[in-house]
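# Commentary on secondary and tertiary structure
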Amino acid sequence: EFIHEEPVALILGDNIFYGSGMVNIIQEAATLQDGAVIFAYPVRNPDQLGIVEVDANWKAIRIEEKPKKPRSNLAVPGFYFYDNRVSGYAESLKPSSRGEIEITDLNKIYLEQKKLRVNFLGRGIAWLDMGTPESLLQAANYVQAVEERQGLMISCPEEVAYRMGFINADQLKTQIKKIKNTIYAEYLEKVLQEENFSF
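This report concerns the structure included in the present document. In this text, all values refer to a predicted model and were calculated from it rather than measured experimentally.

### Things to note about the environment of M130
By the secondary structure assignment, M130 is in the loop between β9 (125-129) and α4 (133-150). Measuring from C-alpha to C-alpha, the distance between M130 and P46 comes to 16 Å, with 84 residues separating the pair along the chain.

### Section: the packing of helix α6 (residues 169-178) against helix α7 (residues 183-193)
What describes two packed helices is the angle between their axes and the distance between those same axes. At their nearest, the axes of α6 and α7 sit 10 Å apart, and the two run at 165° to each other. As the angle between them shows, α6 and α7 are arranged roughly antiparallel. Crossing angle aside, the handedness with which α6 passes α7 is left-handed. Residues A169, L172, K173 and I176 of α6 pack against A185, L188, E189, V191 and L192 of α7. Across the contact of α6 with α7, the residue classes break down as seven nonpolar, no polar and two charged.

### Concerning the packing of aromatic side chains
Taken as a whole, this structure holds 10 aromatic pairs when the rule is applied. Pairing Y80 with Y82 gives two aromatic rings, centres 6.1 Å apart and planes at 20°, and the pair type is stacked. Each member of the pair, Y80 as well as Y82, is classed as buried.

### With respect to the side chain of T104
Residue placement: T104 occurs in helix α3 (residues 103-112). A relative accessible area of 5% places T104 in the buried class. Look past the residues within four positions of T104 in its chain and what remains in contact with it is I63, E64 and E65.

### Focus on the pairing of β9
The side chains of a regular strand alternate between both faces of the sheet. Judged by how many residues are buried, β9 sits mostly within the fold: four of five residues are covered. With five bridges connecting them, strand β2 (residues 15-19) and β9 associate as antiparallel partners. Looking at the pairing, N15 lines up with D129 of β9.

Rules of the game
Residues numbered from 1 in each chain as written. Predicted model: local features only at pLDDT ≥ 70, side-chain atom pairs only at ≥ 80, totals over all residues. Heavy atoms only, no water. Helix = DSSP H or I, 4+ residues; strand = E, 2+ residues; numbered from the N terminus. Axes fitted to C-alpha atoms, helices over the stretch in contact; angles between N-to-C directions. Parallel < 35°, antiparallel > 145°, perpendicular 65-115°, else oblique. Left-handed = near helix turned anticlockwise from the far one by under 90°. Contact = heavy atoms within 4.5 Å. Nonpolar A, V, L, I, M, F, W, Y, C, P; charged D, E, K, R; others polar. Phe/Tyr/Trp six-rings, centres within 6.5 Å; stacked < 30°, edge-to-face > 60°. Buried < 20%, exposed > 50% of the residue type's maximum accessible area, 1.4 Å probe, protein only. Pairing = 2+ DSSP bridges.

If you want it as structure tokens, here you go:
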């Protein structure tokens, strides 16, 4: 019901993406009208993640979920863009041997139709997957270091909406009133006071 028959983006709740150029990467992927876009991110532990294998032209050849013998070190992070057919495809999926509906199986439908585009996320982009206690600690340390050093919050929805022009200053002030007397509200007040900030 939420998606209706529109293209849609899906981001897994335990994933954080941060880095220079992410806005442009997202805006480009969001222009999708036909097919799907996934991302590829080089990792050292491909056997523990969903992996995509690509050819010399960056066309997807194969997608595997936690393969015992990975054919690639390119993980597929939890961030996807789909055309308006995705809801129908998702309804057709059956649980895997792990008893789960797999996003990899959904992506394979687009792969079989030759409608799966792969975009590379390389140096300068941090992908933080918090699926284990260790990776949650790593993500917390990373976010703390960046926020304390730069004085910027990572993944602040109100700030993003304001800087992208989705809400105006009055709407941001309304949000701030809802959470007054918090560090978060103080941060948003500073955002309102800044001029000519490049996002």
